[in-house]
Amino acid sequence: MKRAVSSIVVVAATLVCLSGLFALQPFARMSDGLDRVFSALPAWTQVANMFRDPTTQEVSRGDSPIDSFRTLSASWAAHSGAVRVMLMGNSQSLMTSLAPGESPPSGPEKTYPDHIADRYRQAGSQKLFYRLSAGGMSYQEMLWYAMYLSGRQDIKPDVLLVQLNYQNFVNGGIRGGMLALLSDSDFRHKVEAIVQRNGADADAFAEALHTFDRFQNRSGPATTSAGQTLGYRMETGFRRQLDRIPGFNSRGAIKASFVLLMTQCRVYFLHLKSARARTLTGSRIAASRAALADLAEVCGQSGIRVILFEAPTNPAVPLYLTPDDDRQYHEFTRSVASRFGLKILDFEHSIPAGEWGMSLNVPDPLHLGREGHRRLAGLMCAALDQNGV
Amino acid sequence: MQFNSYSYLLLLIPATALFWALPVPWRRWYVLAMSILYYATWNAAFVAVPLALALGVHLAARLLIAQPERGRRWFWSGVALVLAIFGFFRYRLFLLANINHLLAAFGARPMSVAWQIAVPLGISFYSFEAISYLIDAKQGRIKKSRFSDLYLFIMFWPHLMAGPIVRFRELGPQLDFARPFELRMLLRGLDRLVWGLVQKNLFANPLGSWVDQGFLHNAVRNNSTVDSWALAVAFGLQIYFDFAAYSNMAIGVAQLIGIVLPENFRFPYHAQSPADFWNRWHMTLSRWIRDYLFFPVTARFRGSPGALYASLLVVMALVGLWHGAGWGFVAWGVLHGAYLVLYRVWESLGETRLAAVTKSRLAAWGWRIFTLTAVTAAWVPFRTATGADAAHMLAGMFGRFRFGFSYPMDFYLLVLLMALFCVVEPFLAESWTRAENTIAALRGGLLAHSYLLRPAIYACGLLLFLIFDDRSTQFIYFQF
């Protein structure tokens, strides 16, 4: 009996400690502590309360786009005849990093796509604006979305604004949440066609197909037979029940705070910033370039007008290591534009240094402040008007 | 159910409690039932495979023991049966692909299989265990073959899927489950289980996502020299953490019900030579190969170094093939065979006038560095999809130098961090043991350690496991 009690005490104590850790959010506390030690800007400058509207934004940020597309389909169906404008980009279009001197948020903060959507709505114009963005979105993911949208008349945009960003060319792969789109058989055929063509961007698509099939088989290793196994069904049931426990769902937030803590350690102790001037080489670049060209081609074939735009860059954070990097990058984007007859809107140097946020005591290379978002929205609206959108 | 799935971990608690609540004679049947159920959660149809294998091996072993004069015949019949089942599931498609390759070269029509059958999980592991059972029976270590013993030995769930590869003489005597419960045993089991969960989710999986992308065909073609090295190191670390995690969990879970399984890893990247690497990496497989393949071969070719070295290469090629039906695995095995041959040649120089050189510190460090580099390079054919990709990547690592960083800085930092962890791992393990002993020696220290410190550490480990949980990942060695 005594032995049984001793085991129960160990297990119970472990569970109590675990609950305590969930409640305590230890990494967030450590992260705050580090910020205090290194006199970082207050946490509210990295705005957490962002404006949310499922009719103008893909709110899952790539985690569950199917749900978002369902909402979009219903929303756009109610405005038949309107011009549909969609923007694809990375976290620059999702987040606000308040610039020094900007006041703390008094409500949900809006990004430049939200301001554009507001303008269109306020003007009563027959234009609908939608933001289809995700943090660190790769060009393969943009192509992934473009291929999917081109086969769905209900959510196919008339105009697709594609963000060009030098550092973004280093991102690759298709994130897990986007794989669910493969359940659409037409889309799957298109993906398989890309894989069979075996271009530089084929790998990510092949890997996505492989991962999706493996996960669909639900049997774990690909070596076992297909079909939903007992183990899979049990696991799904357990997860569903666990997710009902208060606090258990905060796993994502705790992981984010852990990752932030690691980033802080890197920046504060090793002085290694998130973005630094670099020469982009290698596989990722080849794949990103191929994906961008494929995106232009796919959209062209399905009647979607693509407009590329050079994302603003922070003047205080040089991204190109050498003038050659700068030249080669722009030569490439121009060559894609001229090959497919696309327009490029250049906002690269449009936002002054004072309208950018700070991140971990260094100028944020990517995220605009409140005024920066407003300015970019104005510039983009004007440029779109000029180009007949 | 994977070892790191929520369902497995949550069911493990009541399953373990019930085990200890049962009368001792019932426990073996309970564990057998749990093991069959566990295997069935992956694929119920495949439960028949280890059953058929156990029946065949049991019959061969009984006949072998009953008719010692015909022992050789029954022994080889049993081994042939195991290899036939193993080969059928594991290698028939590989064989067919190679035959078709040859047929295509001669312009003939390729052959195809009538139906696709998946490979039963863990077959490589329990096939080797079944063979070791036959060898033990042949060598007189098993006096009487009991089917329930053999079946439980094969099916025992902690080691069923991916080892450790156990000998019957190690596990068999423990399968009466008569060991009384001890809190210390439970704590040791939990230590290993939680550490395994952390190794898998915090160490192996984050590396895996980079490795998956970096070893894709087009990526391999465009990676720089730095990228290729970083990826090869990343894969070496990933597979180590992944497999060591599985082994830790298997050993830990077995300990929860009072069973001691052999160790599988001992800081392999601290190996001082290629031979030492195999004393530290997948130790139970190395032991199996050494005892049942290599020692008989060595005995046969004593005094004939050329034949011995050739047989070493063949044995290691078979080790490679055991890992998977592909030429990349064979290449990996042959490379390791070549390293071992090289080291044997070097060792043989120790018996000549060069003895002083071979025993110098410089030589020792040279072998350390060579082993680490060579083992890392050998992971390349193991992981790449094709031989051409492997050749391309190795050329980039050793000859066709190209500078550049294709991946975000986080990837290189992660590899560096994990590599550093590997460097300090033995020292951390040693310090942990020392600290444990110190605390336990204090007045009331044992109580505090068992009921406060350990639960707190388990909770930290579980938190890391939970926040880095990714349901779509699997253990690498489950494929083998």
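This is a predicted model, so every value here is computed, not measured.

**Let's talk about the interface of chain B and chain A**
- Contact residues are listed per partner, giving 56 residues for chain B and 57 residues for chain A.
- Summing both sides of the interface, chain B and chain A together bury roughly 5100 Å²; the carbon and sulfur share of this comes to 67%.
- The interface formed by chain B and chain A includes two salt bridges.
- Note that Arg239(A) is salt-bridged to Asp469(B), the shortest N-O span being 2.8 Å.

**Here we look at the packing of helix α1 (residues 2-24) of chain A against helix α20 (residues 445-467) of chain B**
- At a minimum axis separation of 8 Å, α1(A) and α20(B) run at an interaxial angle of 50 degrees. The orientation of α1(A) relative to α20(B) falls into the category oblique. For the element pair α1(A) and α20(B), the recorded crossing hand is right-handed. Two secondary-structure elements touch here, α1(A) through Ser6(A), Val9(A), Val10(A), Ala13(A), Thr14(A), Cys17(A), Leu18(A), Leu21(A) and Phe22(A) and α20(B) through Ser450(B), Tyr451(B), Pro455(B), Ala456(B), Tyr458(B), Ala459(B), Cys460(B), Leu462(B), Leu463(B) and Leu466(B).
- When its residues are assigned to classes, the contact of α1(A) with α20(B) shows 16 nonpolar, three polar and no charged.

**Thoughts on the layout of surface pockets**
- Put simply, the second largest pocket is a space of about 1100 Å³.
- Taken together, 40 residues make up the lining of the second largest pocket; nearest its centre are Val11(A), Leu15(A), Leu9(B), Ile13(B) and Leu190(B).
- If you list the elements that add at least two residues to the lining of the second largest pocket, you get α1 of chain A together with α1 (6-21), α2 (24-40), α9 (183-214) and α20 of chain B.
- Of all the elements, α1(A) adds the most residues to the lining of the second largest pocket, at 10 residues.
- Taken together, the residues that form the lining of the second largest pocket break down as 32 nonpolar, five polar and three charged.

**Side note on the domain arrangement of chain A**
All names here are of chain A.
- Looking at chain A, the domain boundaries give domain 1 (1-35) and domain 2 (38-172 + 255-386).
- Between the C-alpha centres of domain 1 and domain 2 there is a distance of 40 Å.
- Summing both partners gives a buried area of about 780 Å² for domain 1 against domain 2, and 61% of it is carried by carbon and sulfur.
- For domain 1, the biggest contributors to the area lost against domain 2 are Phe-27, Leu-34 and Asp-35; these three give 75% of the whole.
- There are zero salt bridges connecting domain 1 and domain 2.
- At the surface where domain 1 touches domain 2, the tally comes to seven residue pairs in polar contact (both at pLDDT 80 or more).
- Its residues placed into classes, the side of domain 1 that touches domain 2 shows four nonpolar, one polar and one charged.

Rules used in this analysis
- Residues numbered from 1 in each chain as written.
- Chains lettered and ligands numbered in written order.
- Predicted model: local features only at pLDDT ≥ 70, side-chain atom pairs only at ≥ 80, totals over all residues.
- Heavy atoms only, no water.
- Contact = heavy atoms within 4.5 Å.
- Buried area = accessible area lost by both parts, 1.4 Å probe.
- Salt bridge = Lys/Arg side-chain N within 4 Å of Asp/Glu carboxyl O.
- Axes fitted to C-alpha atoms, helices over the stretch in contact; angles between N-to-C directions.
- Helix = DSSP H or I, 4+ residues; strand = E, 2+ residues; numbered from the N terminus.
- Parallel < 35°, antiparallel > 145°, perpendicular 65-115°, else oblique.
- Left-handed = near helix turned anticlockwise from the far one by under 90°.
- Nonpolar A, V, L, I, M, F, W, Y, C, P; charged D, E, K, R; others polar.
- 1 Å grid on protein atoms, 1.4 Å probe; cavity = no way out; pocket = protein on both sides within 12 Å on 5 of 7 lines; lining within 4 Å.
- Points joined across faces, edges and corners; volume = space filled by probe spheres on them.
- Domains from an automatic or database assignment.
- Polar contact = N/O pair within 3.5 Å; in protein donor to acceptor, adjacent residues only side chain to side chain.

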